[in-house]
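# Coordinates in review
Single-letter residue listing:
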Amino acid sequence: MNAATPIKTMIIDGKERYHEPAPKDIDLEQFRQVVTSRRSVRKFTNRPIPKEVLDDCLDMAMLAPCSSGLQPWEFYVVRSLPKKKQLVRACMGQLAAKTAAELIVCVARTDRVQEFSRKMLLEWPMPEVPPLVRRYYQLIPYNYAPGPLNSFAMLKKAAFSVGGLIAPVPRGPYTRSEVALWAAKSTALACENLVLALRAHGFDSCMMEGFDEQRVRKLLKLTDAALPIMVVGAGERAEDGVFWPQVRFDRSLFVHEV
Ligand SMILES: Cc1cc2nc3c(=O)[nH]c(=O)nc-3n(C[C@H](O)[C@H](O)[C@H](O)COP(=O)(O)O)c2cc1C
């Protein structure tokens, strides 16, 4: 929703509530086709992806759900030819990287919690920030700050472990690695949106974690607070771009009704 979109409200139980009805005209079969036709493509044609298409896909990537709405992701579209060459090398020369029309490095950031919590309150999409929401975003930066050598994290862990004996409590993310995982989860969801959006536009992709992290960090001048999650190679699927049929094990191994 942008600033020009009027906010719809309705009265529920005598109170004015934000109202965003679920759309009813989604084509399930089209969605299914996007999901089922997505494959990891490791050989692409020379056809470029139009800029407006890639921009649209990135915009859809950034609509992925994200923990506390804090959008801990970044996307580096590597356009400069020398940098692209170095990135292909960092991806250990994988064909999916070498032949891709576009290479996008998807990065999780752990150091924007405070900045984005403030931003959230400044850009809150309703005329008034509910008091609970305000308190939440005021507290979150403390919650997710591991402190020097995880010192704050250890204190919080100890305090919540005691509290947890009597009631459910948040068990993290407190330590540096837990906060990294926190950011990685939301970033991976954005990556999935990205590849599905590419598919919906008729293009394909390969997610790659087979890369030399040190080299990618150096190439993009990333600080320790920026974690390269994956490189997405994207382009038009070559005739022989998918190497074998998709393998998924029996659903009984994964889906449990308890
Ligand atoms: C996090 C992640 C990392 C991956 N890394 C690579 C990679 O480095 N190279 C590659 O060829 N494929 C990579 N893949 C693709 C997987 O091998 C592929 O998704 C899997 O074999 C299932 O095939 P499908 O995507 O066609 O369904 C990666 C996938 C994910 C989700």
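Up top you'll find the structure we're talking about.
First things first, this report covers the structure right here in the doc.

### Details of the nonpolar core
- With 50 residues, the main nonpolar core has Leu87, Ala97, Cys106, Leu194, Val231 and Val232 as its most contacted residues.
- If one sorts the elements of this core by residue count, helix H8 (residues 176-200) sits on top with ten residues.
- In contact with alanine 97, not counting residues within four places along its chain, are Leu87, Val88, Cys91, Leu103, Met208, Val231 and Gly233.

### What to know about the site of the ligand
- All residues adjacent to the ligand are Arg39, Ser40, Arg42, Gln94, Ala96, Cys206, Met207, Met208, Glu209, Gly210, Met230 and Gln246.
- Ranked by the residues each element gives to the shell around the ligand, the list is headed by strand E5 (residues 204-208), at three residues.
- Grouping the amino acids of the shell around the ligand by side-chain chemistry returns five nonpolar, four polar and three charged.

### Describing the environment of leucine 196
- With respect to the helices and strands, leucine 196 occurs in helix H8.
- Taking the C-alpha atoms as reference points, leucine 196 and serine 37, 159 residues apart in sequence, are found 9.3 Å from one another.
- Once residues within four sequence positions are removed from consideration, leucine 196 is found in contact with Val34, Val35 and Arg38.

About the cut-offs
- Residues numbered from 1 in each chain as written.
- Predicted model: local features only at pLDDT ≥ 70, side-chain atom pairs only at ≥ 80, totals over all residues.
- Core = buried A, V, L, I, M, F, W, Y, C linked by C-beta atoms within 7 Å.
- Buried ≥ 20, exposed ≤ 12 C-beta atoms within 10 Å, placed from the backbone.
- Helix = DSSP H or I, 4+ residues; strand = E, 2+ residues; numbered from the N terminus.
- Contact = placed C-beta atoms within 7 Å.
- Near = placed C-beta within 6 Å.
- Nonpolar A, V, L, I, M, F, W, Y, C, P; charged D, E, K, R; others polar.

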